[in-house]
Amino acid sequence: MMISLQKIVQMSRINKQLIMFFIDSVALVMSILASFSIRLGYLYWPGVDLLWLVLIGPFIAIPIFLRFGLYRVITRYIGFKSLWKILQAITLYSLLWGIIGFMSAIDGLPRSVILINWFLAIIVLTGWRMIGRWLLENLALSNNAEDSSNVVIYGAGSAGRQLSIALAQSIEYNPVAFIDDRSEIHHQSINGLVIYSKDDLEDLIEENSIKEVLLAMPSVTRSRRKEIISFLEPYSVVVRSLPSVTELAQGKVAVNDLLEIDLRDLLGRKPVKPNIQILKKNILKKTVLVTGAGGSIGSELCRQVVLLKPNKLILYDLSEFSLYIIERELLDFGMTGVEIFPVIGSVLDKKRMKYIFEFYEVQTIYHAAAYKHVPLVEINQSQGVLNNAIGTMTAAKAAISANVETFVLISTDKAVRPTNIMGVSKRVAELVVQALDKEHHNICFTMVRFGNVLDSSGSVIPLFKRQIKNGGPVTVTHSNVVRYFMTIPEAVELVIQAGSMAKGGEVFVLDMGEPVRIYDLAVKMIKLSGLQVLDENNPKGDIEIKYTGLRPGEKLYEELLVDGNYTLTENKLIMRAEEEMINWNKLEPAIDQIKEAALNIETGKIYKLLSQLVPQFNPNSNGLYLKDKSDIK
């Protein structure tokens, strides 16, 4: 029988429709004959005067069925809407058939036969379609049984029910049960799947060889999702999730909507709703420029800025490729009324920047251009200092000359008590911005300091993902290293808000939540990928975690405040740090000396000058790198 079904499945659509015409015609004739037999109480065969009425049934019904689109419905995917159409079509057919019968004034046509015929036609025509759907589903499942993965759906709500329907049609997944926290629905069933308590999960995994758990709870809070993920972490299953409610298109759930667990769920951070008016203050109907527009932070700034409808958005970057990518993405947004201009240039080129600022009449600048990768900057000290510290000063002076209204520096937690060139160069950039704000009152200088962002170019998250995908090992620098984490969109949204709150000279610090131990993050990512950590306690594990030692310039933990003093703002995730600054007349000569040493690649002198300017600078470089131009042999 399966072989015959397989042949039917492989037929052309026209041939399949002809088969459906034939089956429906036979079914309609049999329904009419059965109606007479039931009404009269014996097996009835009509005489010549009634035979034509029996045979005319399909000729009345088929055109109606065609008009209602019953033959455009794919039998395997037939649903309640299709069944409702079948009911309407059969009702109309039965009425017309009865009217024709009575208008013919044929003797021996009981009125009740019309009602019985209607009822039997519904049963037979819907019944054979549902049987066909069941057979075709079983055929598909048997063909793909070896390739499908047994899964459990966590959440028996609306999203879970829709997901189970979608999975029933897929070849990738085979749902075997629901898990739900509501005790009142335990041991009930939805779409043939029994609902279990989470306490039964271990037994379900063992008995059914469960490979994945699919979270179908798009409306729960992030903290609740974190609790569920923490509960699932010990089990060797892949955890996937549906997007949030706002990301689900019109309530439709598809298998392709399933995503890998969002690292935001591991952090459990509750987003704070932004003040739209504050967001728009420095952007709406203004000319905005973003330096480092093609970088991780810069590109997200561009995405959010363009949605706040400036008149012009200038993309400033030294990398042609990065500039092209972000320009194409923004143009694909289709934001009408926003002019976008990609500009190639270096932040060290004051004439270029002054010209661009004046030519486009720039009003707001977000300065995101920087070298951020600690180990790379640690072996390219002079370039790191030039780009991060001197580049900021150059951009700031160009902004002053061009009468820009607002200049927002994107800083980093590594600027606090720095142990590496990247951090100290960003601390110098902060000092420059503070000093220039006090010196020049025609422009509002401010800065925003925050920690690591998830999925940035230098983040451990994409590195861990690649290492897990390649079978390991996952490399962690130290067992006790911790970092603050925040998503790029959230960080950028807070940067825009903080910049709009600025009066001048402030150091805004973002609340990064609790620091995350990198080793724990690696373990969670391995386990939530359905794998086990390979170590002494589990020699049969899948992925080993290997310690590589702290890299040049790295430290075990980062800080966000230099002096520990801060005041709150109207947004509880944005703090205003209270820190000492250096006047420009004292800072400028030191900056000039640092610039000269960097241009001459005098690394030893760079370290000495930076240590004098930033007393908290405690170099922790233990790598082998070029220290001075005199080292060149």
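The rules behind each value
Residues numbered from 1 in each chain as written. Predicted model: local features only at pLDDT ≥ 70, side-chain atom pairs only at ≥ 80, totals over all residues. Heavy atoms only, no water. Helix = DSSP H or I, 4+ residues; strand = E, 2+ residues; numbered from the N terminus. Salt bridge = Lys/Arg side-chain N within 4 Å of Asp/Glu carboxyl O. Buried < 20%, exposed > 50% of the residue type's maximum accessible area, 1.4 Å probe, protein only. Core = buried A, V, L, I, M, F, W, Y, C linked by side-chain atoms within 4.5 Å. Contact = heavy atoms within 4.5 Å. pLDDT = per-residue confidence, 0-100. Phe/Tyr/Trp six-rings, centres within 6.5 Å; stacked < 30°, edge-to-face > 60°. Lys NZ or Arg CZ within 6 Å of the ring centre and 35° of its normal. Patch = residues over 30% accessible without salt bridge, like charges linked within 9 Å, V, L, I, M, F, W, Y side chains within 5 Å. Areas by Shrake-Rupley, 256 points an atom, 1.4 Å probe, with all protein chains shown as cover. Axes fitted to C-alpha atoms, helices over the stretch in contact; angles between N-to-C directions. Parallel < 35°, antiparallel > 145°, perpendicular 65-115°, else oblique. Left-handed = near helix turned anticlockwise from the far one by under 90°. Nonpolar A, V, L, I, M, F, W, Y, C, P; charged D, E, K, R; others polar. Pairing = 2+ DSSP bridges. Lys, Arg positive; Asp, Glu negative; His and termini not counted. Charge placed at Lys NZ, Arg CZ, Asp CG, Glu CD.

## Comments concerning the environment of Asp200
- Structurally, Asp200 can be placed in the loop between strand 4 (193–196) and helix 8 (201–208).
- Expressed as a C-alpha distance, the spacing of Asp200 and Ile179, which sit 21 residues apart in the sequence, is 8.3 Å.

## Things to note about the pattern of salt bridges
- This structure, assessed with the given rule, holds 10 salt bridges.
- Salt-bridge contacts for Glu329 lead to Arg303; the nearest nitrogen and oxygen are separated by 2.4 Å. Taken together, the positions of Glu329 in helix 13 (residues 320–333) and Arg303 in helix 12 (residues 296–307) put the pair 26 residues apart, joining distant regions of the chain.
- By relative accessible area, Glu329 is classed as partly exposed at 26%.
- Its salt-bridge partner being Glu430, residue Arg449 comes within 2.7 Å of it at the nearest N-O pair. With Arg449 in strand 13 (residues 444–450) and Glu430 in helix 17 (residues 421–439), this residue pair connects regions lying 19 residues apart in the sequence.
- Its relative accessible area of 0% is what places Arg449 among the buried residues.

## Some details on the nonpolar core
- The biggest cluster of nonpolar side chains holds 60 residues, and the ones touching the most others in it are Phe357, Phe407, Leu587, Leu610 and Leu613.
- Those residues in contact with Leu587 that sit more than four places away from it in its chain are Leu431, Val432, Ala435, Ile582 and Leu613.
- Counting residues in each nonpolar core, the second largest holds 42 residues, with Ala293, Leu323, Ala491 and Leu494 among its members.

## Concerning the confidence of the model for the chain
- For the chain, the mean per-residue pLDDT works out to 79, and 80% of the residues sit at or above 70.
- Within the chain, helix 1 (residues 2–9) has the poorest average pLDDT of any element, 52, and strand 8 (residues 287–291) the best, 96.
- Here residues 245–258 scores under 50 on pLDDT; set against residues more than four positions off or in separate chains, the count is 29 contacts.
- Confidence drops under pLDDT 50 across residues 622–626; counting only partners more than four residues distant or on other chains, this segment forms 12 contacts.

## Looking at the packing of aromatic side chains
- Across all of its chains, the model carries six aromatic pairs by this definition.
- Through pairs of rings, three or more aromatic residues link up here, namely Phe341, Tyr355, Phe359 and Tyr360.
- Its guanidinium or amino end placed over the ring of Phe231, Lys198 lies 5.1 Å from that ring's centre, counting from NZ or CZ.

## Observations concerning the side chain of Thr446
- For Thr446, the location among the structural elements is in strand 13.
- Judged by its relative accessible area of 0%, Thr446 falls in the buried class.
- In this view, Thr446 contacts Phe407, Val408, Leu409, Val433, Gly499, Ala502, Glu506 and Phe508; residues no more than four positions away in its chain are not counted.

## Regarding a nonpolar patch on the surface
- Nonpolar side chains collect at one region of the surface, where Leu92, Leu95, Leu96, Ile99 and Met103 lie side by side and expose about 480 Å² of accessible area between them.
- As for its position among the elements, Leu92 is in helix 5 (residues 80–103).
- Taking the relative accessible area as the measure of exposure, Leu92 reaches 35% and is therefore partly exposed.

## Some thoughts on the packing of helix 18 (residues 460–469) against helix 20 (residues 518–527)
- Viewed as axis vectors pointing N to C, helix 18 and helix 20 meet at an angle of 45 degrees, and their least axial separation amounts to 11 Å. By the angle between their directions, the pair helix 18 and helix 20 is classed as oblique. Every pair of crossing elements has a handedness; the one defined by helix 18 and helix 20 is right-handed. Contacts between helix 18 and helix 20 involve Val460, Ile461, Phe464, Lys465 and Ile468 from the first element and Ile518, Leu521, Ala522, Met525 and Ile526 from the second.
- Of the residues that constitute the contact of helix 18 with helix 20, the class distribution is nine nonpolar, no polar and one charged.

## Observations regarding the sheet that holds strand 15 (residues 474–476)
- Pairing in this open sheet of three strands is parallel, and the strands run 15-21-20 from one edge to the other. Across the chains shown, the open sheet's two edge strands, defined by having one partner strand only, are strand 15 and strand 20 (533–534).
- Of the strand pairs in this sheet, strand 20 and strand 21 (residues 543–547) are connected by two bridges, and their pairing is parallel. Residue Val533 lies in a different strand from strand 21, and its bridge partner there is Ile543.

## Describing the sheet that holds strand 10 (residues 339–344)
- Strand order across the open sheet formed by nine strands is 10-9-8-11-12-13-18-23-22, with mixed pairing between neighbours. Edge positions in the sheet fall to strand 10 and strand 22 (566–568), since each of these pairs with one other strand and no more. Strand after strand, the sheet turns through a mean of 25 degrees between neighbouring axes, direction not considered.
- Sheet strands in contact with helix 14 (residues 350–359) are strand 8, strand 9 (312–317), strand 10 and strand 11 (364–367), and its direction is about 170 degrees off that of strand 9.

## Some points on the packing of helix 16 (residues 381–401) against helix 17
- It is at 8 Å that the axes of helix 16 and helix 17 come closest, and there the two elements cross at 15 degrees. In terms of their interaxial angle, helix 16 and helix 17 are classed as roughly parallel. With respect to the hand of their crossing, helix 16 and helix 17 are arranged in right-handed fashion. Every residue of helix 17 that contacts helix 16 at Gln381, Gly384, Val385, Asn388, Ala389, Thr392, Met393, Ala396 and Ile400 is listed here: Ile421, Met422, Ser425, Lys426, Val428, Ala429, Val432, Val433 and Leu436.

## Things to note about a negative patch on the surface
- The grouping of Glu202, Asp203, Glu206 and Glu207 at the surface amounts to a negative patch.
- You can see Glu202 is positioned in helix 8.
- Its relative accessible area of 44% is what places Glu202 among the partly exposed residues.

## Looking at the pairing of strand 5 (residues 212–215)
- A two-sided burial pattern is seen for strand 5, the buried positions comprising Glu212 and Leu214 on one face and Val213 and Leu215 on the other.
- Pairing of strand 1 (residues 149–154) with strand 5, which is carried by four bridges, proceeds in the parallel orientation. Bridged to Tyr154 within strand 5 is Leu215.
- Two strands pair when backbone bridges link them, and strand 5 and strand 6 (residues 238–241) are joined in this way by four bridges, in the parallel orientation. Within strand 6, the position partnered with Leu215 by the bridge is Ser241.

## A word on unusual backbone geometry
- In this structure, Pro473 follows Gly472 across a cis peptide bond, with omega equal to 0 degrees.
- Counting through the fold element by element, Pro473 comes out in the loop between helix 18 and strand 15.
- Even without glycine at this site, His187 takes up a positive phi of about 70 degrees.
- By the secondary structure assignment, His187 is in the loop between strand 2 (173–179) and strand 3 (189–190).
- For His187, a relative accessible area of 61% translates into the label exposed.
- Unlike most non-glycine residues, Asn403 shows phi in positive territory, near 60 degrees.
- Secondary-structure assignment places Asn403 in the loop between helix 16 and strand 12 (406–412).

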